[in-house]
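# Observations on chain architecture
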Amino acid sequence: MTTKNNLPIYWSPDYVLDSGVETRTKSGPLAKILQTGEIPSVEMIAPLPATREELLVIHDEKYLDRLINGDADLARSILASTGGVRDALDAMFVHGRAGSLSSGLHHAKRDTDEGFCYINGLALAALRAIAKHGAKKVGVLDTDSHCGGGTFQLVGENEKVTLADVSCNSYDIWRPNSDRHYLEVVNSASEYIDAVKRALAHIKDVDALIYNAGMDPFEDCAIGGMPGITREVLKERERLVAQWCEDTQTPAMFVLAGGYGGANLDLDGVARLHLPTIREFARILITPKSNN
Ligand SMILES: [Zn+2]
C-alpha cells in the first residue's frame, strides 16, 4: 500500500535485459540508485505484466503475436514495462502523480516496431485514462529528442487526446492536423526551454498528463544529443513540467523514454540523467479530483 504523499514508481527486474540498447538496460541501474533511498519519498512497486488483450486495443493482432511468441527475454521485458505504464496510469488517478521506469514507447506503430519501441504505452495509457477513468481530455507531452510519430498515428485522431511534442531531431516526424496538436523541432539549444514552455501552454484543461520524459536531448548522448542542452537545461525542463502539473493540479505520470550513452557517458550516467524527472515529481503535490 502506497503511503500518502509518496511517489509510486513501477519497476521490476523483468524490465531489464542484460545487454543491448539502453532502452532496455538502463532501468536496472536507475532502480538500484532509487532503492538506496536517493530520493526519500519514492516507493518502488512491481507491476503485473500487460496482457495480450490489453495490447490489442492499440496494436495489430498478428504483430502482437509475433512479438509475444518471439524472443522470450524481449517479450518478458516489454510486457513487464508496459504493465508498469498501465499501473502508473491507474496510480496517478489515486495519488496525483506516479511513474514507471519504462522506455521505448513513442515510435511504436499499430503493426510494427520502430526506433527501439515495440508497444506504444503512451497511446495505451491515454486510451485507458479515457475508457477506465472517465477522463474527458488527456494530454501527452513528449520531450524525447525524437518525434513521437507512433503516438500520433495511434491517438492523434482521438478528440479527447491533446498532443504536445518538443523534439531536437526530425526522426519519426508527424504533421499536426488539428488544434489539439503541437509539434516543435528545435534547431538550437537556445530555443529549447521556450519551446517546452510553448508546449505546456498548449496543453490546456486536461484531466491527466502522460509525460514521455526523454533525456536524449542531453548533449553527451550519442543518439539524439544536441550541443548546449546541458544537465542544467534538462533540470530546468523537468522543474517547469512538474511545476505546471502542480500549479494546474493535473494528475501526471511519467515514463523515461530516450537517454543513451556516449563517449563521456556510461550506463550509470545515463540512468542518473533521469533522476531530475523523479526528483521533481517527488517534490510536487497533486490532489486528484474524484472521477466517479
Ligand atoms: Zn529519442
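Structure shown above.
Scope of this entry: the structure provided in the associated data block. (Residues numbered from 1 in each chain as written. Predicted model: local features only at pLDDT ≥ 70, side-chain atom pairs only at ≥ 80, totals over all residues. Heavy atoms only, no water.)

### Side note on the pairing of strand S5 (residues 161-167)
Moving residue by residue along a regular strand, the side chains alternate between the two faces of the sheet. So the rule is basically this: Accessibility here uses a 1.4 Å probe with only protein chains present; expressed as a share of the type maximum, an area under 20% marks a residue as buried, one over 50% as exposed, and anything in between as partly exposed. Secondary structure elements follow DSSP: runs of H or I no shorter than four residues count as helices, runs of E no shorter than two count as strands, and numbering proceeds from the N terminus. In short, DSSP must find at least two bridges between two strands for them to pair.
Most of S5 sits inside the fold, with 7 of its 7 residues counted as buried. Burial along S5 is two-sided: the face carrying Val161, Leu163, Asp165 and Ser167 and the face carrying Thr162, Ala164 and Val166 are both buried. As paired elements, S5 and strand S6 (residues 181-185) share 5 bridges and run parallel to each other. Bridged to serine 167 within S6 is valine 185.

### Considerations on the sheet that holds strand S8 (residues 252-255)
Note the threshold: Note on geometry: axes are lines fitted to C-alpha atoms, helical ones only across the stretch in contact, with angles between N-to-C directions running from 0 to 180 degrees.
The 8 strands are arranged S2-S1-S3-S8-S7-S4-S5-S6 in an open sheet whose pairing can be described as parallel. Bordering the open sheet on either side are strand S2 (42-45) and S6, each of which pairs with just one other strand. The average angle at which neighbouring strand axes cross in this sheet is 15 degrees, direction not considered. Pairing between strand S4 (residues 138-142) and strand S7 (residues 208-212): 5 bridges, direction parallel.

### Focus on the coordination of the zinc ion
Rules: Counted as donors are the N, O and S atoms within 2.8 Å of the metal, or 3.2 Å for Na, K and Ca, while water is not among the atoms, so some sites may look incomplete.
Only Asp144 (OD), His146 (ND1) and Asp216 (OD) from the protein coordinate the zinc ion, and they sit 1.9 to 2.1 Å from it. Sequence spacing among the residues donating to the zinc ion works out to D-x1-H-x69-D.

### As for the pattern of salt bridges
Rules: Counted as salt bridges are all cases of a side-chain nitrogen of Lys or Arg within 4 Å of a carboxyl oxygen of Asp or Glu.
Per the stated rule, a full pass over the model turns up 15 salt bridges. Arginine 198 is paired through a salt bridge with glutamate 184; the nearest N and O atoms lie 2.7 Å apart. Residue arginine 198 is located in helix H7 (residues 192-202), and its partner glutamate 184 is located in strand S6; the two are separated by 14 residues in the primary sequence. Residue classification places arginine 198 among the partly exposed residues on the basis of a relative accessible area of 40%.

### Brief notes about unusual backbone geometry
For aspartate 172, which is not glycine, the phi dihedral falls at a positive 60 degrees. Mapped onto the fold, aspartate 172 is located in the loop between S5 and S6. At glutamine 249, a position not held by glycine, the phi torsion is positive, near 50 degrees. Along the chain, glutamine 249 turns up in the loop between helix H8 (231-248) and S8.

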